[in-house]
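# Tertiary structure, described
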Amino acid sequence: MKIALFIPCLVNQMMPDVAIATLELLEKLGHQVILPAGQTCCGQPMTNSGCFDAARSTTLKLLNAFKGVECDAIVCPAASCLVAAKENFHEFDNSPEAQAVINKLYELTEFLHDIAPIPAFNKPFAHKISLQLSCHGIRMLSLATPSEQMGPRFNKVEAVLANIAGIDIVYPDRRDECCGFGGTFAVDEGAVSAKMGKDKAQAHAATGAQYVVGFDPSCLLHLDGLIRRQQLPIEIRHIAQVLNAAL
């Protein structure tokens, strides 16, 4: 497939290795990958803070970067940013061109589970990992069943990783409790955010896993700071980095 990468500003500025891993793994799977120019923030910090005009101008700039781009899918390695972009595109542009962009938007895990599954892995990843099921991904993109829902259970994140030889997947207590980042919540309510993050980091470390693995760079960045501050014996990895290592 021809894939356009959507690399949010947080990934570009703070976790560029995640973008590189995403590019590499998609190319290893045989896809043609392009990076449309002119990308900017998804507008989430502005919408969270009630800055409507700033959100609109930022969102439309991002949307225009993808309008008219010939591709089969637009793939993003950040669930929260993808959700914000989808919602903001709907809010600020109801044109057929905007809808065409929205219809092609996929979070990386979603894409690899629903659209183009990985046929086989070439290398083992013999490590114990503790999965970070971040809020936006499971509750707004249906990447896994939230604990508060009844009915059949599913977990696309675990399903994508489970076929890697040697991997041991575990979960922290209260597996889908928020890590406390919450975008601008971490700024507005710093003490609460930090306490939630400390609890989540300790819960991941208590599993005995070597890595915390997740699909949302913002949550992983938050946890990474709290893990290092507390000197916990665990590291963070984005799912793209684990999949790329196994290919």
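About the cut-offs
- Residues numbered from 1 in each chain as written.
- Predicted model: local features only at pLDDT ≥ 70, side-chain atom pairs only at ≥ 80, totals over all residues.
- Heavy atoms only, no water.
- Helix = DSSP H or I, 4+ residues; strand = E, 2+ residues; numbered from the N terminus.
- Rg over C-alpha atoms; globule rule 2.2 N^0.38 Å.
- Buried < 20%, exposed > 50% of the residue type's maximum accessible area, 1.4 Å probe, protein only.
- Contact = heavy atoms within 4.5 Å.
- Areas by Shrake-Rupley, 256 points an atom, 1.4 Å probe, with all protein chains shown as cover.
- Lys, Arg positive; Asp, Glu negative; His and termini not counted.
- Charge placed at Lys NZ, Arg CZ, Asp CG, Glu CD.
- Core = buried A, V, L, I, M, F, W, Y, C linked by side-chain atoms within 4.5 Å.
- Domains from an automatic or database assignment.
- Buried area = accessible area lost by both parts, 1.4 Å probe.
- UniProt positions renumbered as here; feature names shortened; annotations may be inferred.
- Phe/Tyr/Trp six-rings, centres within 6.5 Å; stacked < 30°, edge-to-face > 60°.
- Pairing = 2+ DSSP bridges.
- Axes fitted to C-alpha atoms, helices over the stretch in contact; angles between N-to-C directions.
- Expected span 1.5 Å × (residues − 1).

The next point concerns the overall build of the protein. A tally of regular secondary structure across the protein gives 13 helices and 8 strands. Over its C-alpha atoms the protein spans a radius of gyration of 18 Å, differing by no more than 12% from the 18 Å that the globule rule assigns to 247 residues. With the C-alpha coordinates of the protein rotated into their principal frame, the extents come out at 50 × 45 × 40 Å. Taken across its 247 residues, the protein has 50% of its residues classed as buried. A fraction of 78% describes how many contacts in the protein between residues 6 or more apart in sequence connect residues 24 or more apart. Element-wise, carbon and sulfur atoms account for 51% of the exposed surface of the protein, whose accessible area totals about 11,200 Å². For the protein, the separation between the mean place of its 20 positive charges and that of its 25 negative charges on side chains is 4 Å.

Here we take up the nonpolar core. In summary, soluble globular proteins display a tendency toward joint burial of nonpolar side chains. Of all hydrophobic cores here, the largest spans 81 residues; its most connected members are Phe 6, Leu 26, Phe 111, Leu 161, Ile 164 and Leu 243. It is helix α5 (residues 79–92) that contributes the most residues to this core, 8 residues altogether. Built from parts of two domains, this core gets at least three residues from each of domain 1 (2–115) and domain 2 (128–246). Excluding residues that lie within four positions of it along the chain, Phe 6 makes contacts with Gln 39, Cys 42, Leu 62, Phe 66, Ile 74, Val 75, Cys 76, Pro 77, Cys 81, Leu 82, Ala 85 and Leu 105.

Looking now at the domain arrangement of the protein. Put simply, an interface is often sized by how much accessible area is lost when its parts join up. Domain annotation of the protein identifies domain 1 (2–115) and domain 2 (128–246). For domain 1 versus domain 2, the distance between C-alpha centres works out to 21 Å. Summed over both partners, the interface of domain 1 with domain 2 buries about 2,200 Å², with 71% contributed by carbon and sulfur atoms. If you sort the residues of domain 1 by the area they bury against domain 2, Met 15, Val 83 and Thr 109 come out on top, with a joint share of 23%.

Turning next to the UniProt feature "domain: Cysteine-rich" (unreviewed entry) in the protein. Using the residue numbers shown here, the UniProt feature "domain: Cysteine-rich" (unreviewed entry) corresponds to residues 3–83 and 132–224. What you have in residues 3–83 is 54% helix and 12% strand, and the ends, taken at the C-alpha atoms, are 18 Å apart. Annotation note: span residues 132–224, helix share 43%, strand share 9%, distance between end C-alpha atoms 12 Å.

Here the focus is the packing of aromatic side chains. Taken as a whole and judged by the stated rule, the model has 4 aromatic pairs. With centroids separated by 6.2 Å and ring planes inclined at 55°, the aromatic side chains of Tyr 106 and Phe 111 adopt a geometry described as tilted. The exposure class of Tyr 106 is buried, given its relative accessible area of 19%. Residues Phe 125 and Tyr 211 carry aromatic rings whose centres are separated by 5.9 Å and whose planes lie at 35° to one another, so their mutual orientation is tilted. Of this pair, Phe 125 sits in the loop between α7 (108–115) and β5 (128–132) while Tyr 211 sits in strand β7 (residues 211–214), and the two are 86 residues apart along the sequence. When its relative accessible area of 9% is taken as the criterion, Tyr 211 is described as buried.

Here we come to the sheet that holds strand β6 (residues 168–170). If you walk across this open sheet you meet the 4 strands as β6-β5-β7-β8, and the pairing is parallel. Of all the strands in the sheet, the pair left with one neighbour each is β6 and β8 (235–238). Between one strand axis and the next, the sheet turns by 35° as a mean value, whatever way the strands run. On the sheet, helix α12 (residues 217–230) packs against β5, β7 and β8 and is oriented at approximately 170° with respect to β8.

A separate point is the sheet that holds strand β1 (residues 2–5). Remark on secondary structure: sheet strands pair via backbone hydrogen bonds, oriented parallel or antiparallel. The 4 strands are arranged β2-β1-β3-β4 in an open sheet whose pairing can be described as parallel. Either end of the sheet is taken by a strand with one partner, and the two such strands are β2 (32–34) and β4 (105–107). On average, each strand axis in the sheet is inclined to that of its neighbour by 35°, with strand direction left out of account. The pairing of β1 with β2 spans 3 bridges and is classified as parallel.

Once that is clear, we can look at the pairing of β1. For β1 and strand β3 (residues 73–76), the ladder comprises 3 bridges, and the chain directions are parallel. Its bridge partner lying in β3, Ala 4 is registered against Ile 74.

This part covers helix α4 (residues 52–66). Helix length check: α4, at 15 residues, gives a terminal C-alpha distance of 22 Å against a target of 21 Å (1.5 Å per residue), a fit within 8%. For α4, the full list of buried residues reads Ala 55, Thr 58, Thr 59, Leu 60, Leu 62, Leu 63, Ala 65 and Phe 66. Backbone geometry just downstream of α4 places Gly 68 in the positive-phi region, at approximately 80°.

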